[in-house]
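What follows is each chain in one-letter form.
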Amino acid sequence: MIKMSWALMGEHADEWTGADTQEGAAVLEARLTTVVEDSGMTAETVQHWRSTFLAPVVEAVRTEGQAAMSRGAAWSKAAGPVLVSVSPAEAVS
């Protein structure tokens, strides 16, 4: 199990717990995309934000974060206003 926490500075914080970093990356991308699209930014600004900040963090979760989880280590990454942290979590039974 993994626990992923993230923050969009000054706007939003959330977390997710699950078994797979690939799923976690998809959840992160979907939830932050919704927050940003609902923020009132123009479509052009949203696209810029997604490509400049969100995409690099999501890709890093899928690669660097996955590698850290396979070693049982915590990992974090920031890009502009986005910060994400991934750590091993105990399964709840």
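Scroll up for the structure.
Residues numbered from 1 in each chain as written. Predicted model: local features only at pLDDT ≥ 70, side-chain atom pairs only at ≥ 80, totals over all residues. Heavy atoms only, no water.

For strand S1 (residues 2-8), the tally of buried residues reaches five of seven residues, placing the bulk of the element in the interior. Between the end of S1 and the start of strand S2 (residues 12-18), which pair antiparallel, lie three residues, with Gly10 showing a positive phi angle near 75°. As paired elements, S1 and strand S4 (residues 82-88) share seven bridges and run antiparallel to each other. If you follow Trp6 over to S4, its bridge partner there is Val84. (Buried < 20%, exposed > 50% of the residue type's maximum accessible area, 1.4 Å probe, protein only. Helix = DSSP H or I, 4+ residues; strand = E, 2+ residues; numbered from the N terminus. Pairing = 2+ DSSP bridges.)

On to helix H1 (residues 21-37). Given a rise of 1.5 Å per residue, 17 residues ought to cover 24 Å, and the 24 Å separating the end C-alpha atoms of H1 matches this to within 8%. All of the buried residues along H1 are Thr21, Gly24, Ala25, Val27, Leu28, Leu32, Thr33 and Val36. The inward-facing, buried residues of H1 contact S1, S2, helix H2 (43-70) and S4. Its side-chain oxygen placed 2.9 Å from the backbone nitrogen of Gln22, Asp20 serves as the N-cap of H1. (Expected span 1.5 Å × (residues − 1). Contact = heavy atoms within 4.5 Å. Polar contact = N/O pair within 3.5 Å; in protein donor to acceptor, adjacent residues only side chain to side chain.)

Looking now at the pattern of salt bridges. Applying the stated criterion to the full structure yields four salt bridges. With a closest N to O distance of 3.4 Å, Glu15 and Lys3 form a salt bridge. With Glu15 in strand S2 and Lys3 in strand S1, this pair connects stretches of sequence that are twelve residues apart. Taking the relative accessible area as the measure of exposure, Glu15 reaches 43% and is therefore partly exposed. A relative accessible area of 30% places Lys3 in the partly exposed class. Residues Arg50 and Glu29 are paired through a salt bridge, measuring 3.8 Å at the closest nitrogen-oxygen approach. Highlighted residues: Arg50 in helix H2 and Glu29 in helix H1, separated in sequence by 21 residues. With a relative accessible area of 25%, Glu29 lands in the partly exposed category. (Salt bridge = Lys/Arg side-chain N within 4 Å of Asp/Glu carboxyl O.)

Looking now at the environment of Thr52. Counting through the fold element by element, Thr52 comes out in helix H2. It is 8.3 Å that separates the C-alpha atoms of Thr52 and Gly80, two residues lying 28 residues apart in sequence.

A word on the nonpolar core. In terms of nonpolar packing, the biggest core is built from 24 residues, with Met4, Trp6, Leu28, Leu32 and Val84 touching the most fellow members. In terms of residues, this core owes the most to one element, H2, which gives nine residues. Apart from residues no more than four positions distant in its own chain, Leu32 is found in contact with Trp6, Leu8, His12, Trp49, Leu54 and Val82. (Core = buried A, V, L, I, M, F, W, Y, C linked by side-chain atoms within 4.5 Å.)

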